[in-house]
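Descriptive structure summary
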Amino acid sequence: GFVLLDSPKWDQKAILDTLSRKWGIRPDPGDEEDASEPNIAVIKVNGAMVALSLMPDKVPDGEAERYAAANYFWKEAVEVTASHTAHILIAVVDQKLTPVEQGKLFVAVAASCLAQPGALGIYTSGTVLAPDHYLRVAEDMAHGELPIMDWIYVGLYRGEKGFCGYTYGLTSFGRNEMEILDSSHEPSDIFEFLYDLCAYLLNADVYIRDGETVGHSAEEKIPVTCSEGVSLEGMTLKIHY
């Protein structure tokens, strides 16, 4: 993920202090951050590597601005994103943690960066999210819930024969992205259906496969097929909703 900044400066200590104070996450003993690298902070948390890099430039090629346009919840997304002059690159790497555990650690680190002065938003999961939105969703973890909306973006658009929706972010959790194509349902219904399905998959740690069915109840059986993506590259699950 990329935390967008209004100027090419940061306070590594403040970020790590927030990570400790707010989220109870501290570097492993003997692995405290090396202050000799002013633009890089690398720590280990329960054996997982967390790397933060201050990049004193905009995200290249207008990529962040282009994806910010997809955020229909934030009217000023493109304008605010275009004003960034630097960014913090965040990476969490570990093969021992589950994807959900890695994702929770990532959200805590990203939220600690977004809580600092000068943070404009975060480019992640196919769009740019506002700091207040990301921080509000991150609070779900304090109540034992998963921060689904910080992980998964649900895109919506009008197709030739109806409304369409897609997920962006499920591949980080070892699952195919999902699409609903040319549906007669309203965009709000498509958003809610895909969001609820993502929450179910990650909370219950289950998988949907080609030929299975999904639904709001045991009686509702909506068919699922797997084929080449329409809105996304690669194979996606088509939910015939």
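As the structure is a prediction and not an experimental result, all values here were calculated from the model.

Some words on the packing of aromatic side chains
Within this structure, the stated rule accounts for 10 aromatic pairs. Ring geometry for phenylalanine 2 and tyrosine 123: centres 5.4 Å apart, planes at 20 degrees, overall stacked. Here phenylalanine 2 is found in strand E1 (residues 2-5), whereas its partner tyrosine 123 is found in strand E5 (residues 119-124), with 121 residues between them in sequence. Look at tyrosine 123 and you get buried, because its relative accessible area is 7%. Their ring planes at 5 degrees and their centres at 6.2 Å tell us that phenylalanine 191 and tyrosine 195 sit as a pair that is stacked. A residue pair is termed a helical-turn pair when its members lie 3 or 4 positions apart in one helix, as phenylalanine 191 and tyrosine 195 do in helix H7 (residues 187-204) at 4 residues. Through a chain of ring-to-ring contacts, the aromatic side chains of Tyr72, Phe73, Tyr153, Tyr157, Tyr166, Phe191 and Tyr195 assemble into a single cluster. Directly above the ring of tryptophan 23 sits lysine 22, whose terminal nitrogen or CZ lies 5.5 Å from the centroid. Cation over ring: arginine 175 sits above tyrosine 207, and NZ or CZ is 3.9 Å from the ring centre.

What about the nonpolar core?
Core analysis: the biggest nonpolar cluster contains 61 residues, and Val3, Leu52, Ile88, Ile90, Leu105, Met178 and Ile239 have the highest contact counts within it. In this structure, Ala77, Leu120, Tyr123 and Val128 belong to the second largest nonpolar core, which totals 10 residues.

As for the sheet that holds strand E10 (residues 213-214)
Judged by pairing direction, the sheet is mixed, and its 6 strands sit side by side in the order E7-E8-E9-E12-E11-E10 without closing on themselves. With one partner strand each, in any of the chains shown, strand E7 (153-158) and E10 form the two edges of the open sheet. Bridge count for E7 against strand E8 (residues 163-168) is 6 bridges, and the pairing is antiparallel. Bridging from a neighbouring strand, tyrosine 153 pairs with tyrosine 168 of E8.

Observations concerning the state of the cysteines
Two cysteines joined by a covalent bond between their sulfur atoms form a disulfide. Going through the model one piece at a time under the given rule, you end up with 0 disulfides. This cysteine, cysteine 198, is not joined by any disulfide, and cysteine 226 carries the nearest cysteine sulfur, 15 Å off. The class of cysteine 198 is buried, set by a relative accessible area of 1%.

What about the packing of helix H1 (residues 12-23) against helix H4 (residues 99-114)?
As a packed pair, H1 and H4 sit with axes 9 Å apart at the nearest point and diverge in direction by 120 degrees. Judged by the inter-axis angle, H1 sits oblique to H4. The interaxial crossing formed by H1 with H4 has right-handed handedness. Facing Ile15, Thr18, Leu19 and Trp23 of H1, the residues of H4 in contact are Ala108, Val109, Ala111, Ser112 and Cys113. Each residue belonging to the contact of H1 with H4 can be placed in one class, and the counts come to 7 nonpolar, 2 polar and no charged.

The rules behind these values
- Residues numbered from 1 in each chain as written.
- Predicted model: local features only at pLDDT ≥ 70, side-chain atom pairs only at ≥ 80, totals over all residues.
- Heavy atoms only, no water.
- Phe/Tyr/Trp six-rings, centres within 6.5 Å; stacked < 30°, edge-to-face > 60°.
- Helix = DSSP H or I, 4+ residues; strand = E, 2+ residues; numbered from the N terminus.
- Buried < 20%, exposed > 50% of the residue type's maximum accessible area, 1.4 Å probe, protein only.
- Lys NZ or Arg CZ within 6 Å of the ring centre and 35° of its normal.
- Core = buried A, V, L, I, M, F, W, Y, C linked by side-chain atoms within 4.5 Å.
- Pairing = 2+ DSSP bridges.
- Disulfide = S-S within 2.5 Å.
- Axes fitted to C-alpha atoms, helices over the stretch in contact; angles between N-to-C directions.
- Parallel < 35°, antiparallel > 145°, perpendicular 65-115°, else oblique.
- Left-handed = near helix turned anticlockwise from the far one by under 90°.
- Contact = heavy atoms within 4.5 Å.
- Nonpolar A, V, L, I, M, F, W, Y, C, P; charged D, E, K, R; others polar.

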